[in-house]
Amino acid sequence: MTEPSPGLTSGAVARRLGVAPTTLRSWDRRYGIGPATHESGRHRRWSPHDIAVLQEMCRLTASGVPPAEAARTARAGAAPAAPAPGEAPARPAARGPALGDVRRELRGLGRAAVRLDSEAMDELLESAIARHGLVTAWEEVLAPALHAVGRKWETSEDRYVEVEHLLSWHVSTALRRVGAAGRARASEAGTPPVLLACVPHEQHTLPLEALAAGLAELGVPTLMFGAAVPPEALDQAVRRTGPAAVALWAQARSTADHPLARHVADTAWGVRGARSRTAVLLTGPGWAGRTPGPGMLRPSGLREALSLLRGLCVAARDGEGAATASGGS
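Predicted, not measured: the structure shown is a model, and the values here were computed from it.

Draft legend 1. Broad picture of the packing of helix H8 (residues 161-183) against helix H9 (residues 206-217). At a minimum axis separation of 7 Å, H8 and H9 run at an interaxial angle of 20°. Comparing their axes, H9 and H8 come out roughly parallel. Two packed elements cross with a definite hand, and for H8 against H9 that hand is left-handed. Contacts from Ser168, Val171, Ser172, Leu175, Arg176, Val178, Gly179, Gly182 and Arg183 of H8 reach H9 at Leu206, Glu209, Ala210, Ala213, Ala216 and Glu217. Its residues assigned to classes, the contact of H8 with H9 comprises seven nonpolar, four polar and four charged.

Draft legend 2. Here's a closer look at helix H4 (residues 67-77). The set of residues buried in H4 consists of Pro67, Ala70, Ala71 and Ala74. For H4, the buried positions fall inside an angular range of 100° around the axis, keeping them on one side. Exposed residues on H4 whose side chains face more than 90 degrees from its buried face are Arg72, Ala76 and Gly77.

Draft legend 3. Spotlight on the pairing of strand S4 (residues 279-283). In terms of burial, S4 is a largely internal element, five of the five residues being buried. Burial along S4 is two-sided: Ala279, Leu281 and Thr283 facing one way and Val280 and Leu282 facing the other are all buried. Relative to S4, strand S3 (residues 245-249) runs parallel, the two sharing five bridges. Along S4, the bridge assignment pairs alanine 247 with leucine 281. Across two bridges, the pairing between S4 and strand S5 (residues 296-297) is parallel. Residue pairing across strands places leucine 281 opposite leucine 297, the latter belonging to S5.

Draft legend 4. Region of interest: the packing of helix H6 (residues 118-132) against H8. Packing of H6 against H8 brings their axes to within 10 Å, and their N-to-C directions diverge by 40°. On the basis of the axis angle, H6 is oblique to H8. Viewed along their axes, H6 and H8 form a crossing whose handedness is right-handed. Counted together, Ser118, Met121, Asp122, Leu125 and Ile129 of H6 and Leu166, Leu167, His170, Val171, Ala174, Arg177 and Val178 of H8 form the full contact between these two elements. For the contact of H6 with H8, the per-class residue count stands at eight nonpolar, two polar and two charged.

Draft legend 5. The arrangement of the pairing of S3 in detail. Burial analysis of S3 places five of its five residues in the buried class, which makes it a mostly covered element. Along S3, one buried face is formed by Ala245, Ala247 and Trp249 and the opposite face, lined by Val246 and Leu248, is buried too. The pairing of strand S1 (residues 194-198) with S3 spans five bridges and is classified as parallel. Looking at S3, one finds that alanine 197 is bridged to leucine 248.

Draft legend 6. A look at unusual backbone geometry. The phi dihedral of leucine 116 is positive, around 60°, even though this residue is not glycine. Examined against the element boundaries, leucine 116 turns out to sit in the loop between helix H5 (99-114) and H6. For leucine 116, a relative accessible area of 41% gives the class partly exposed. The backbone phi angle of histidine 201 is positive, close to 75°, even though this residue is not glycine. Locating histidine 201 in the fold gives a position in the loop between S1 and H9.

Draft legend 7. Broad picture of the pattern of salt bridges. Applying the stated criterion across every chain, the model contains seven salt bridges. Between glutamate 119 and arginine 30 there is a salt bridge, with its nearest N and O atoms 3.8 Å apart. Here arginine 30 lies in helix H2 (residues 21-31) and glutamate 119 lies in helix H6, a separation of 89 residues in the sequence. Judged by its relative accessible area of 38%, glutamate 119 falls in the partly exposed class. For arginine 30, a relative accessible area of 36% puts it in the partly exposed group. Arginine 239 is paired through a salt bridge with aspartate 235; the nearest N and O atoms lie 3.0 Å apart. Taken together, the residues span about one helical turn, with arginine 239 and aspartate 235 both in helix H10 (residues 231-241) at a distance of four residues. Residue aspartate 235 is classed as buried on the basis of its relative accessible area of 14%.

Draft legend 8. Quick peek at the sheet that holds S5. Read across the sheet, five strands follow the order S2-S1-S3-S4-S5 without closing on themselves; strand pairing throughout is parallel. Among the strands making up the open sheet, the edge pair consists of strand S2 (222-224) and S5. In this fold helix H11 (residues 258-266) packs onto S3, S4 and S5, with an angle of close to 155° to the strand it touches most, S4. Helix H12 (residues 302-317) rests against S1, S3, S4 and S5 of the sheet, and its axis sits at about 170° to S4.

Scoring rules and cut-offs
Residues numbered from 1 in each chain as written. Predicted model: local features only at pLDDT ≥ 70, side-chain atom pairs only at ≥ 80, totals over all residues. Heavy atoms only, no water. Axes fitted to C-alpha atoms, helices over the stretch in contact; angles between N-to-C directions. Helix = DSSP H or I, 4+ residues; strand = E, 2+ residues; numbered from the N terminus. Parallel < 35°, antiparallel > 145°, perpendicular 65-115°, else oblique. Left-handed = near helix turned anticlockwise from the far one by under 90°. Contact = heavy atoms within 4.5 Å. Nonpolar A, V, L, I, M, F, W, Y, C, P; charged D, E, K, R; others polar. Buried < 20%, exposed > 50% of the residue type's maximum accessible area, 1.4 Å probe, protein only. Arc of directions from axis to C-beta. Pairing = 2+ DSSP bridges. Salt bridge = Lys/Arg side-chain N within 4 Å of Asp/Glu carboxyl O.

All quantities given are derived from atomic positions and should not be read as evidence of function.
Take a look at the structure:
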């Protein structure tokens, strides 16, 4: 009888290191960072030494080393682990969102963007989201990287525009992958959607895309209308869909449209005598400086926005929405 192959499966290794299984497959295919032995007809198994190489690969890429160079260094220098006879390989220490980790990941992502290194950006984005979760990755790595590139462009006489465009595209792609994975899990029946829209003249959609991805992970259905939504289109969307909430993004005070937000919060639909209204979340720094009116909320960031919207959706689904108003008009 043949003994089972020693070592861990790819799924177990991915969970222990905090990376996605697709990242392991990509590293194996592109850089030869894979199990040293693989028997035909069997699942791939990772030995303690294979895992040590992966740990070094993760450390180097997180600190900004290009993946191809990190792979060469990891293969050459990783020392094998030494578990006791009969014991499973020791589990690596959990990697929380330590300040040093996120700073290295932030620098690595910025350097990959300046090099226009698409593959490195994809791997660093995927790794950051898998390791820290969407909210922390957005707040500590993705958004700061976008801001840093934007400042570099503003202070360099319009240089690095191509860097900002490429990084924005890859961040958007990473967020949509998270959203697609979340939407693959069915949301609870009867949950009304959250409508996401930028105010007129506002072109910054990435924060709303992060919000959409986070809601998808929570099983909350969304309708994303994107940049610069005309007031008439927003009004029709609200009346046609009856959303649990509307999140309006404004990046700057010059685009924040308070009368439009008031109009959306006052918009009613449904049969006479049982009209419903929706809550409005004022998201983005453009809304700062004024107290939200009735039916409006201003979350401090992505984490709070997700918590508020999830609660509003549960309340709307259960018929207990605080934003529901009866009237005879």
